[in-house]
Amino acid sequence: MTIKPLIILPDPKLREVSRPIERVDDPLRKFADDMLETMYDAPGIGLASIQVGEPLRMLVLDVSKEDEEKAPRVFLNPEIVSRSDERSLYEEGCLSIPDYYAEVERPATVTVRYLGLDGAMHEETAEGIFATCLQHEIDHLDGVLFIDHISKLKRDMVIKKFTKQARLKSA
């Protein structure tokens, strides 16, 4: 397995819309393993393939607690097919926006249809942090970042900070 470099804001690649996966094969399974290793190494609880430079509709996550056994999950071509009216508020962060956190309100429960690594279609209802993480990562597949769900003022400040950091690193 290989740890992949993470793409960091303000990289425009983060705004790309990812393309559907057309077939499940061994190279894709290896890439899923690499993504999981990258996510665990970061450390994080979710990672979309665009965050490692691959614009594929693929995400990995593991919302198990630190004292629990790891529970890695892989979702290919995920789509939200229903959302609850009830909302929940979680403090979110992002491996592509390091060390920045903000409260984001999202539907408390979602039902997601996705292709599994077994090549079969699945449908699952998620709630709590699992639902939040799925929505966050699916947003990435559509070029949306969690900072798009906060006020424009805060978002502009974050983008300005990361743009300045990127400029200093390249100088």
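Cut-offs and rules
- Residues numbered from 1 in each chain as written.
- Predicted model: local features only at pLDDT ≥ 70, side-chain atom pairs only at ≥ 80, totals over all residues.
- Heavy atoms only, no water.
- UniProt positions renumbered as here; feature names shortened; annotations may be inferred.
- Phe/Tyr/Trp six-rings, centres within 6.5 Å; stacked < 30°, edge-to-face > 60°.
- Lys NZ or Arg CZ within 6 Å of the ring centre and 35° of its normal.
- Helix = DSSP H or I, 4+ residues; strand = E, 2+ residues; numbered from the N terminus.
- Buried < 20%, exposed > 50% of the residue type's maximum accessible area, 1.4 Å probe, protein only.
- Polar contact = N/O pair within 3.5 Å; in protein donor to acceptor, adjacent residues only side chain to side chain.
- Contact = heavy atoms within 4.5 Å.
- Lys, Arg positive; Asp, Glu negative; His and termini not counted.
- Salt bridge = Lys/Arg side-chain N within 4 Å of Asp/Glu carboxyl O.

Per an unreviewed UniProt entry, the protein chain is named Peptide deformylase, and its organism is Jiella avicenniae. Quoted verbatim from the Catalytic activity (unreviewed entry) field of UniProt, the annotation for the protein chain is "N-terminal N-formyl-L-methionyl-[peptide] + H2O = N-terminal L-methionyl-[peptide] + formate". Annotation of the protein chain in UniProt includes, under Sequence similarities (unreviewed entry), the sentence "Belongs to the polypeptide deformylase family."

So, the packing of aromatic side chains: which residues are in play, and what are the values?
The final tally for this structure, using the stated rule, is three aromatic pairs. The structure contains a cluster of three or more aromatic residues connected by ring pairs, namely F75, Y114 and F130. A cation over an aromatic ring shows up here: K70 above the ring of Y40, its NZ or CZ 4.0 Å from the ring centre.

For the UniProt feature "active site" (unreviewed entry) in the protein chain, give the residues involved together with the corresponding values.
UniProt records the feature "active site" (unreviewed entry) for E137 in the present numbering. Here E137 lies in helix α2 (residues 128-141). You can call E137 buried: its relative accessible area is 4%. A distance of 3.1 Å separates a polar side-chain atom of E137 from the backbone nitrogen of A48.

Hey, could you go over the UniProt feature "binding site: Fe cation" (unreviewed entry) in the protein chain for me, with residue numbers and the actual values?
UniProt tags C94, H136 and H140 as "binding site: Fe cation" (unreviewed entry). Taken together, the annotated residues stretch across 47 residues yet fold into one region, lying no more than 10.2 Å apart by C-alpha. Summarising the element assignment, C94 is placed in strand β4 (residues 87-94). Residue C94 is classed as buried on the basis of its relative accessible area of 9%. Each residue touching C94, except ones within four places of it in the same chain, is listed here: Q51, Y100, H136, H140 and F146. Position of H140 among the secondary structure elements: in helix α2. Judged by relative accessible area, which is 1%, H140 ranks as buried.

I'd like to hear about the side chain of R155, residue by residue, with values.
Position of R155 relative to the elements: it lies in helix α3 (residues 152-170). For the buried R155, which has no salt bridge, the nearest side chain bearing the opposite charge is D148, at an N-O separation of 4.2 Å. In this structure R155 touches I147, D148 and I150, once residues within four positions along its chain are discounted.

Lay out unusual backbone geometry with the relevant residues and their values.
Residue P10 is bonded to the preceding L9 through a cis peptide linkage, with omega at 15°. In this structure, P10 sits in the segment before α1 (26-41). A cis amide bond, omega -15°, links A42 with the succeeding residue P43. Position of P43 relative to the elements: it lies in the loop between α1 and β1 (46-48). The residue N77 is not glycine, and still its phi comes out positive at about 50°. Tracing the chain through its elements places N77 in strand β3 (residues 73-83). Looking at N77, the relative accessible area reads 21%, which means it is partly exposed. Despite not being glycine, D99 has its phi angle at roughly 65°, a positive value. Within the secondary structure layout, D99 lies in strand β5 (residues 97-107). Judged by relative accessible area, D99 falls into the exposed class, the value being 67%.

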